[in-house]
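A structural walkthrough
Chain by chain, the residues:
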Amino acid sequence: MHSVVCIKQVPDSAQIRVHPVTNTIMRQGVPAIINPYDLFALEEALRLKDRFGGTVTVITMGPPQAEVALRKCLSFGADHAILVSDRAFAGADTLATSFALSAAISKVREEQPVDLIFTGKQTIDGDTAQVGPGIAKRLDYQLLTYVSKIVDIDFGKKEITVERRAEGGVQLLKTAVPCLITMLEGTNEMRFGDMADMFRAARYPLKVWDRVAAGIEDVAKIGLKGSPTVVGKVFAPKPRSQRAEMIEVHDNDPQDLVVTLLAKVFTRHPKIEAEIIKRAS
Amino acid sequence: MSDSNDAPRKPARKKVELDPRFLSYKHVWVYIEAERGEVHPVSWELLGEGRKLADQLGVDLVGVVLGPPEARTRAICEEAFHFGADRCYLVQHDALRDYRNEPYTKCLTELVDTYQPEILMLGATTLGRDLAGSVATTLATGLVADCTELVIEAESRCLASTRPTFGGSLLCTIMTQRHRPQMATVRPRVMAMPDADASRTGEIIEHAFSIVETSIITKILQFIPDDTRDKPNLPFADIIVAGGRGLKKPENFQLVWDLAKVLGAEVGASRPVVQAGWAELDRQVGQSGKTVRPKLYIAAGISGAVQHRVGMDGADVIIAINNDSNAPIFDFAHYGIVGNAMQILPALTEAFRKHLAQARKAG
């Protein structure tokens, strides 16, 4: 069995700060991490390899620095890693990104058939959840988003059964392999790599594919040109016209302060008081 | 590279002539999400927003209803008229009984190709995101996820979609100028629920969609509904007490629960708290969690990073407790208390309890 896992190196958004005066992103010193949702995807692929044997190939599209993220995946136990990297990819939106990744996966497929493609449910920087569906559509694979559990795989029949998070419940689905799965968070816990894999990861001759190596002829489908969405302005959210009305703590007595607060809130917003009384009674 | 649709790139060009190919693309569409006969409220919220866009463009607002051949499916169209739709495209087919990507993508794509909307909006739910991504790729058009504001740019008639970016720390405005339709998803509770007008009616246009069940590869074996009794339903809660990292220890998070219990409120949490395991994922409020619109939001020990703010900004009244008087939350809360949440939360709980006891006596 051959699984391809698509990952993305992202800035650790928890550590991004906005400059208080210029309202621009302060990226300096912000560590780059593997998109946390992608690790659930990688771990799931590795678990299937543990059970059924086979190969796990990790792919990312990104700048040369993304090599670090790929080597990390190798150290967890992935077999192969491909960095799809070319200046021509710059400025890609989700449509252009899914095109480039699907082209690269097609290239991988020429050497070894791909049974499953895994991605995280979304990235923490873009948060769009659009690249996974995009890749599935372009490769004409069945799409299974928000998968919480792989229940069964029948290699003879080329069938897979999964649980998928839907609105208001869980769908138990059966579909054909090959298919693309986007993994839900919290579905498994990433393993620690063993020593042998860590050494292998450090020495692994990483494949770096530019546009041509990824088999992309039509430059109109990648990068800025291949992106139907155009980003206009980027800005910080407007501050509310008024700062919060501050309730003073008198002599450090919270009880007193709370009484003041309640009096104000309930006088000005009688609906809230009514709502609370309704609930409590 | 490899950025999603929100990285700062070349600024949008100021003046864009609409491609003549797009002149035939008219009307604003809202995909009405219904599963097992239940309409997701985000669809009505989107009709409210779509009404404004359609009026501004001088076109019709259209609801798209896909479902099994049952009376209920048709009745959803009538409801859509009450919430502002002028017209509904209705497709009834057994293959559309439960959501599956393949038949739904084929059906919605076919409708778009046939009737050519200028704008197509979907809810950013698990269903909406799955469907929108597939449809946009098939149509090779632009799709903007999780929009918080949608406006028509007067000059170009283009849809300007604003969404949070960089984990919610900034906002950006995105346009799809050279492709149609312009697609956007919006999360539940981001837009206000419009008032229903039961006297409004509209035109139902049935579309015959042909697909053979045996040609659909994915089969639904079972649907296991959530046991909703214990599930927090933050997006629709009227009162929320939320706790953040300022509570210092997991034991202190109990103070949030205590206050919530007295108020009959739901409990919310900031991302660090969820990541630390003090609260479940379902309780996370913010960019990577839930968007809420309560009447009252009490934030204890939450600094108010934009990532959290985008999820709770729509609350009618926000009370913030934080020991740092410079915490960003005081810039958008309505009432602020600078102090130790560990002392103030119990005081609030006690004061509410007393107040309620009095009200009960008086009532």
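Residues numbered from 1 in each chain as written. Chains lettered and ligands numbered in written order. Predicted model: local features only at pLDDT ≥ 70, side-chain atom pairs only at ≥ 80, totals over all residues. Heavy atoms only, no water.

The subject of this paragraph is the confidence of the model for chain B. In the predicted model, chain B carries a mean pLDDT of 92, and the fraction of residues at 70 or more is 94%. Two summary scores accompany this predicted model of the complex, namely pTM at 0.91 and ipTM at 0.92. (pLDDT = per-residue confidence, 0-100.)

Here we take up a nonpolar patch on the surface. Residues and elements named next belong to chain A. There is a patch of nonpolar side chains on the surface, built from M195, M198 and F199 and spanning about 340 Å² of accessible area. Residue placement: M198 occurs in helix α5 (residues 195–203). On the accessibility criterion, M198 (40% relative accessible area) is partly exposed. (Patch = residues over 30% accessible without salt bridge, like charges linked within 9 Å, V, L, I, M, F, W, Y side chains within 5 Å. Areas by Shrake-Rupley, 256 points an atom, 1.4 Å probe, with all protein chains shown as cover. Salt bridge = Lys/Arg side-chain N within 4 Å of Asp/Glu carboxyl O. Helix = DSSP H or I, 4+ residues; strand = E, 2+ residues; numbered from the N terminus. Buried < 20%, exposed > 50% of the residue type's maximum accessible area, 1.4 Å probe, protein only.)

Moving on, we come to the interface of chain A and chain B. Note on interface size: it is often stated as the accessible area lost on association of the parts. Every contact between the two is made by 96 residues of chain A and, on the other side, 99 residues of chain B. Between chain A and chain B, roughly 8,500 Å² of surface is buried when both sides are summed, and carbon and sulfur atoms account for 59% of that area. When residues of chain A are sorted by the area they lose upon contact with chain B, E167(A), V231(A) and R240(A) head the list and together hold 9% of the total. Seen at the junction of chain A and chain B, the total is four salt bridges. Linking D130(B) and R164(A) is a salt bridge whose minimum nitrogen-to-oxygen distance equals 3.5 Å. At the surface where chain A touches chain B, the tally comes to 34 residue pairs in polar contact (both at pLDDT 80 or more). Residue contributions to the side of chain A that touches chain B peak at ten residues, all from helix α6 (residues 254–268) of chain A. (Contact = heavy atoms within 4.5 Å. Buried area = accessible area lost by both parts, 1.4 Å probe. Polar contact = N/O pair within 3.5 Å; in protein donor to acceptor, adjacent residues only side chain to side chain.)

Grouped together as the largest cluster of nonpolar side chains are 42 residues, with contacts concentrated most on I276(A), F253(B), L263(B), I298(B), I321(B), L348(B) and F352(B). V5(A), V10(A), L83(A) and L173(A) belong to the second largest nonpolar core, which has 40 residues in total. (Core = buried A, V, L, I, M, F, W, Y, C linked by side-chain atoms within 4.5 Å.)

All names here are of chain B. Closest axis-to-axis distance for the helix α5 (residues 254–263)/helix α8 (residues 341–362) pair is 9 Å, and the angle between their directions is 15°. Here α8 runs roughly parallel to α5, going by the angle between their axes. Note that α5 runs across α8; the crossing there is left-handed. Between α5, through L255, V256, D258, L259, V262 and L263, and α8, the contact on the second element is made entirely by M342, L345, P346, L348, T349, F352, R353 and L356. Partitioned by chemical class, the residues of the contact of α5 with α8 number eleven nonpolar, one polar and two charged. (Axes fitted to C-alpha atoms, helices over the stretch in contact; angles between N-to-C directions. Parallel < 35°, antiparallel > 145°, perpendicular 65-115°, else oblique. Left-handed = near helix turned anticlockwise from the far one by under 90°. Nonpolar A, V, L, I, M, F, W, Y, C, P; charged D, E, K, R; others polar.)

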